[in-house]
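Residue strings, one per chain:
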Amino acid sequence: MAFKTEEDKVAYWKDNISLVLKLLAVWFVVSFGCGILFVDVLNNIQFFGFKLGFWFAQQGAIYMFVVLIFVYVYKMNAIDKHYGVDEE
Amino acid sequence: MDIKILTFIIVGASFLLYIGIAIWARAGSTNDFYVAGGGVHPIANGMATAADWMSAASFISMAGLISFMGYDGAVYLLGWTGGYVLLALCLAPYLRKFGKFTVPDFIGDRYYSQTARTVAVVCAIFVCFTYVAGQMRGVGVVFSRFLEVDIVTGVVIGMAIVFFYTVLGGMKGITYTQVAQYCVLIFAYLVPAVFISILMTGHVLPQTGFGATLADGSGIYLLEKLDGLSLELGFNEYTSGTKGMFDVFCITAALMVGTAGLPHVIVRFFTVPKVRDARYSAGWALLFIAILYTTAPSLASFARVNMIETINGTEQTGTNYSEAPSWIKNWEKTGLISWEDKNGDGKMFYAGDERNEMKVDRDIMVLANPEIANLPAWVIALVAAGGVAAALSTSAGLLLVISTSVSHDLLKRNLMPNITDRQELFYARLAAAVAICIAGYFGINPPGFVAQVVAFAFGLAASSFFPAIIMGIFFKKMNNKGAVAGMLAGIGFTAVYIIYFKFVNPAANVPENWLFSVSPEGIGTIGMLINFIVAYVVYKMTNEAPEEIQQLVEDIRYPKGAGEATAH
């Protein structure tokens, strides 16, 4: 048993799931939301030489994806440490 | 020096590098062969994953496709990068903690069932084969154009090289070779893109040049000009799409989920020492991939403007065929560009309506781009080397999955449990050799378009592996019967839909006939939902997974205690 108590185990998994769900919500909004579902609305906004929706679909969402993974790694490592289940 | 000699030198030098690395990192044990002994640094692993992932399709075809599709090209850009977020957040760390070699290993153990393992093996082999055939074709196209040999010779040269380092090196050799291949391919992709961006917009970064004004002093934005040109020539506006929104949604989702379910990508996360490294690896991999994927749409728009202007002239009145630039003549020989003088004025004209006199194959855009922009010969040779690197690295990764699936999952875990380590390694190499020959055959005689075959691979991966793995981790009570039924229902539905519209009755492949107006490219998304639903219903009707399996699932949910990946 890696966790100190059974409650810790449950709490760890709950923290994990809530982090993943939050990040996936952002993932969905920037790609499927801004790039596909609301692309026509956002295209009315000019962003440098781009229409904003088009920019999200072909550039912006990809940058966000990279950021999301590194945020996940950083936060998840902190959660592991907090519950004492990280690797030495 | 002419292009042929330069290509020979640059591609030859890159080959020497790969082969040298393969010899240096030769595999000594099954552990080295399958997962590189679990000792690869996350940044190196990220680069290798990126090279593994970016195939001839990404390098050679994708920018060309986007250049003809405009906004709709986003399905590839979002689909082939967004899947890494799913992979990093939902799969990679847990599979690493689980600590086995292959995806069928996970499915077989988690669902305590040889049937599940066998279904997974068959899916894995099928997915990888459809994918690898296209890569061999890609190598053939590059060689036949730049070395002026026929396509059969081109494919055979590619087969020999892949054979050499996959069979000798195994995963350890491949990982370090792929690091070198990533460097070659990204350099080869960026150099022409940066050159062209500077020429057209004055921006060094293609990503910002994409949204900048043209350098010709007109003060017009590049995309504005492209939209204007497209409308004038009878095409759709470049920045708007033609596909239905729900279809775009489904194709993107299928490609994303397919990415996260592809066995040759997943296996990458077994090669790092720790769970923490598996998480970092996915991040680095996506960063390295994003460099190419954010350049591609810029390149696509530059290439489009350049191509239209060289064919139609800056005044949009057409260019005399007798004065056609050399790239048109060069590619005419390969049959990938053709001109038919419909109005008899001796001028070439490219348009989206009845004025059109040109046929331009999408796949040549990246390879022809440096020629169209009049870049020096060494840049053209470099692009050839990059294309070959992309195709070889992906083929090697896929072949490795095929060989481990056969030797490890099928023979060792299923048919011949008593074979020794040495024998297993021998069968792995034999399987790789046989797979290369079959892939080579399909490279020479491709079954339809490469893109069709690739879409097939993604749909199948999305509808089979992804739900089984997700439920395996996040739903600990899911049982063997549910998982097997789900996989069979998902992959069966998807395969039938694709085979019907792509091979049996291609004439019916129009939006009116599609289910919920989803094209065969996007149907993997529906197949995935079917998989989840069937699995849940069957689970409800049968017993939940046994206690020790639920314990196993709880164990993979936290990092502590992850050892090296092991066979048993």
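Quantities reported herein were computed from a predicted structural model and do not represent experimental measurements.

What counts as what
- Residues numbered from 1 in each chain as written.
- Chains lettered and ligands numbered in written order.
- Predicted model: local features only at pLDDT ≥ 70, side-chain atom pairs only at ≥ 80, totals over all residues.
- Heavy atoms only, no water.
- Helix = DSSP H or I, 4+ residues; strand = E, 2+ residues; numbered from the N terminus.
- Rg over C-alpha atoms; globule rule 2.2 N^0.38 Å.
- Buried < 20%, exposed > 50% of the residue type's maximum accessible area, 1.4 Å probe, protein only.
- Contact = heavy atoms within 4.5 Å.
- Areas by Shrake-Rupley, 256 points an atom, 1.4 Å probe, with all protein chains shown as cover.
- Lys, Arg positive; Asp, Glu negative; His and termini not counted.
- Charge placed at Lys NZ, Arg CZ, Asp CG, Glu CD.
- Polar contact = N/O pair within 3.5 Å; in protein donor to acceptor, adjacent residues only side chain to side chain.
- Disulfide = S-S within 2.5 Å.
- Salt bridge = Lys/Arg side-chain N within 4 Å of Asp/Glu carboxyl O.
- Axes fitted to C-alpha atoms, helices over the stretch in contact; angles between N-to-C directions.
- Parallel < 35°, antiparallel > 145°, perpendicular 65-115°, else oblique.
- Nonpolar A, V, L, I, M, F, W, Y, C, P; charged D, E, K, R; others polar.
- Arc of directions from axis to C-beta.

A. Layout of the overall build of chain A. Along its length, chain A carries 3 helices and 2 strands. Going from N to C terminus, chain A has its helices and strands arranged as α-α-β-β-α. At 18 Å, chain A has a C-alpha radius of gyration far larger than the 12 Å of a compact globule built from 88 residues. Oriented by its inertia axes, the alpha-carbon framework of chain A measures out at about 55 × 25 × 15 Å. Evaluated residue by residue, chain A yields a buried proportion of 55% over its 88 residues. Across chain A, the fraction of contacts at a sequence separation of at least 24, relative to all contacts at a separation of at least 6, is 58%. Summing over all exposed atoms, chain A offers an accessible surface of approximately 4,400 Å²; the carbon and sulfur share of this is 70%. Side chains of chain A carry 7 positive and 9 negative charges; the gap between the two charge centres is 8 Å.

B. Geometry of the side chain of Asn531 of chain B. All names here are of chain B. Along the chain, the position of Asn531 falls in helix 20 (residues 523-541). Within the local environment of Asn531, its side chain forms a polar contact with the backbone oxygen of Ser464, the two atoms lying 3.3 Å apart. Within the structure, Asn531 has its side chain in polar contact with the backbone oxygen of Gly486 (distance 3.5 Å). If we skip the residues at most four places from it in the chain, Asn531 touches Ser463, Ser464, Pro467, Met471, Gly486, Met487 and Gly490.

C. Examining the state of the cysteines more closely. Residues and elements named next belong to chain B. Within this structure, the stated rule accounts for 0 disulfides over all chains. Note on Cys90: no disulfide assigned, nearest cysteine sulfur contributed by Cys250 at a separation of 19 Å. For Cys90, a relative accessible area of 6% translates into the label buried. The thiol of Cys437 is unpaired, and the distance to the nearest cysteine sulfur, on Cys128, comes to 17 Å.

D. The environment of Lys97 of chain B, seen in detail. Residue and element names in this part refer to chain B. Tracing the backbone through its elements, the reader meets Lys97 in helix 5 (residues 74-98). For Lys97, a relative accessible area of 13% gives the class buried. Separated by 177 residues in sequence, Lys97 and Lys274 place their C-alpha atoms 7.9 Å apart. Every residue in contact with Lys97, bar those within four places of it in the chain, is listed here: Val275, Asp555, Ile556, Tyr558, Pro559, Lys560, Gly561 and Ala562. Engagement of the side chain of Lys97 in a polar contact is seen with the backbone oxygen of Tyr558, the distance being 2.9 Å.

E. Fine view of the pattern of salt bridges. This structure, assessed with the given rule, holds 11 salt bridges over all chains. The salt bridge partner of Glu237 of chain B is Lys51 of chain A, with a shortest N-O separation of 3.3 Å. Of this pair, Glu237 of chain B sits in the loop between helix 10 (222-232) and helix 11 (245-261) while Lys51 of chain A sits in strand 2 (residues 50-51), which puts the two residues in different chains. When its relative accessible area of 25% is taken as the criterion, Glu237 of chain B is described as partly exposed. The shortest N-O distance in the salt bridge between Arg117 of chain B and Asp109 of chain B comes to 3.1 Å. Comparing Arg117 of chain B with Asp109 of chain B shows no difference in burial state: the two are buried. Several salt bridges converge on common partners, so that one network encompasses Glu6 and Lys9 of chain A together with Lys476 and Glu554 of chain B.

F. Up close: the packing of helix 3 (residues 42-53) of chain B against helix 16 (residues 377-415) of chain B. Residue and element names in this part refer to chain B. Relative orientation of the contacting elements helix 3 and helix 16 amounts to 100 degrees, with a least axis distance of 7 Å. Our classification of the angle between helix 3 and helix 16 gives roughly perpendicular. Taking contact as the criterion, the partners of Ala51, Asp52 and Trp53 in helix 3 are, on helix 16, Ala390, Ser393, Thr394 and Gly397. Broken down by class, the residue content of the contact of helix 3 with helix 16 amounts to 3 nonpolar, 3 polar and 1 charged.

G. Layout of helix 21 (residues 547-555) of chain B. All names here are of chain B. Of all the residues in helix 21, the buried ones are Ile549, Gln550, Val553 and Glu554. Down the axis of helix 21, the buried side of the element spans an arc of 145 degrees, and every buried residue falls inside it. The outward face of helix 21, more than 90 degrees from its buried face, is lined by the exposed residues Glu547 and Glu548.

Any link to function would need more than the numbers given here.
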